[in-house]
Amino acid sequence: METEEQDSPPPWEILNLISQFLDPKTLAMASCVSKSWSILMSSNNLWKPICQTQFSSSLSNLHNLTSVPYKRLYAISRAAVLRRQPPCKPRLSLKDLIFTVNVRKKNNKGKVFAAVSKPIGGGDGVFKFSVDVVNGEKSTFTEAEEAVEVVWNVVLEGWNGIFTMMDCEGKMGFSAGCEGWFSAELPLPACFSGIVGSGIVGDLKIGFGSGGRVEKVCVGILNVVNWRYVSVDDGLRYLDHFLLPI
């Protein structure tokens, strides 16, 4: 009885032609068929345009420096992309927080005003809020400017945690229409303490109305790279590190 003729492998030229139209996943699977297929499917000529299309020409420079095959560079870059997960949802919410602001004269510690409230505002999606003034008093200062101490704390509701966003000194005018502006670099979470500079600052502005009374207190977190307020979620994620247990 005549035995059935076994299928012969496709000609090398056809494989070479087809391989140029295969996606990365199919190429990787095909390279596992045999040693000869692995050599063909791992060719730099196949993987270089894939790397340049899906990533950037910087991989070509890396290849020139290290002679690492493009297939390997693709695998490393792809793995890095998969590990780059989107930020997790913050555990805190705005309803969990209370902002307190205290301003005192530096020389005799006389109280200028205090403000405390839940964050007010934030409807535009950025971490910038107003704080209600609870006992602002008419200014009796005669000088155009006074040296003051400013403290801004974020309190976890129920006094289960407190984090000092700002504790600084500066000068402030108390006449109608004046604004006091203060900023202080915020600390990094402990897990990033080896990095120099956090790149974000606490921002506090105080506005005076008629009679020298405080009319407006605004606080926020600014990114010093573009001097824009960070998003509400980014601000809450930052406070997670200081107000909640790991």
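None of the values given here were measured: they were computed from a predicted structure. (Residues numbered from 1 in each chain as written. Predicted model: local features only at pLDDT ≥ 70, side-chain atom pairs only at ≥ 80, totals over all residues. Heavy atoms only, no water.)

We now examine the packing of aromatic side chains. For any pair of aromatic rings, the description consists of the separation of the ring centres together with the inter-plane angle of the planes. For the structure shown, the criterion picks out 8 aromatic pairs. Ring centres of F99 and W152 lie 5.7 Å apart, and the angle between their planes is 80°; this geometry places the pair in the edge-to-face category. Here F99, found in strand β1 (residues 97–105), pairs with W152, found in strand β5 (residues 145–156); they are 53 residues apart in sequence, far enough to count as distant. For the pair shown, F99 and W152 are each scored as buried. Ring centres of F163 and F242 lie 4.2 Å apart, and the angle between their planes is 15°; this geometry places the pair in the stacked category. Linking F163 in strand β6 (residues 161–173) with F242 in helix α7 (residues 232–243), this pair joins segments that are 79 residues apart in sequence. Here F242 falls in the partly exposed class, since its relative accessible area comes to 26%. Pairwise contacts between aromatic rings join F99, F127, F129 and W152 into one cluster. (Phe/Tyr/Trp six-rings, centres within 6.5 Å; stacked < 30°, edge-to-face > 60°. Helix = DSSP H or I, 4+ residues; strand = E, 2+ residues; numbered from the N terminus. Buried < 20%, exposed > 50% of the residue type's maximum accessible area, 1.4 Å probe, protein only.)

A word on the environment of Q54. Along the chain, Q54 falls in helix α4 (residues 44–54). Judged by its relative accessible area of 43%, Q54 falls in the partly exposed class. Sequence-wise, Q54 and Y74 are 20 residues apart; in three dimensions their C-alpha atoms are separated by 8.9 Å. Setting aside chain neighbours within four positions, we find Q54 in contact with P24 and Y74. Within the structure, Q54 has its side chain in polar contact with the side chain of Y74 (distance 3.3 Å). (Contact = heavy atoms within 4.5 Å. Polar contact = N/O pair within 3.5 Å; in protein donor to acceptor, adjacent residues only side chain to side chain.)

The tally for this structure, following the rule as stated, stands at 4 salt bridges. Among the ionic pairs, D234 bridges to R237, the shortest N-O distance being 2.7 Å. Of this pair, D234 and R237 both sit in helix α7, 3 residues apart, which is roughly one turn of that helix. (Salt bridge = Lys/Arg side-chain N within 4 Å of Asp/Glu carboxyl O.)

Another point: the pairing of β5. Counting buried positions over the 12 residues of β5 gives 9, a clear majority of the element. Alignment of β1 against β5, held across 9 bridges, turns out to be antiparallel. Paired with R104 across the bridge in β5 is E149. Of the strand pairs in this sheet, β5 and β6 are connected by 12 bridges, and their pairing is antiparallel. Bridge pairing in β6 links A147 to K171. The loop that links β5 with its antiparallel partner β6 comprises 4 residues; one of these, G158, has a positive phi angle of about 85°. (Pairing = 2+ DSSP bridges.)

Here we come to the side chain of T100. Its location among the elements puts T100 in strand β1. The exposure class assigned to T100 is buried, which follows from its relative accessible area of 13%. Excluding anything up to four places from it in sequence, T100 contacts A115, V116, V151, W152, N153 and V155.

What follows deals with the confidence of the model for the protein. The share of residues in the protein with pLDDT of 70 or more is 81%, and the mean pLDDT across the chain is 81. Ignoring residues within four places in sequence, the model shows residues 138–142, a span with pLDDT below 50, making 9 contacts including any to other chains. (pLDDT = per-residue confidence, 0-100.)

Here we take up α4. For α4, every residue scored as buried is listed here: L46, W47, I50 and C51. Down the axis of α4, the smallest arc covering the buried residues is 120°, so these residues share one side. α4 presents N45 and T53 as exposed residues on the side facing more than 90 degrees away from its buried surface. The opening residue of α4 is S43, an N-cap whose side-chain oxygen sits 3.1 Å from the backbone nitrogen of N45. (Arc of directions from axis to C-beta.)

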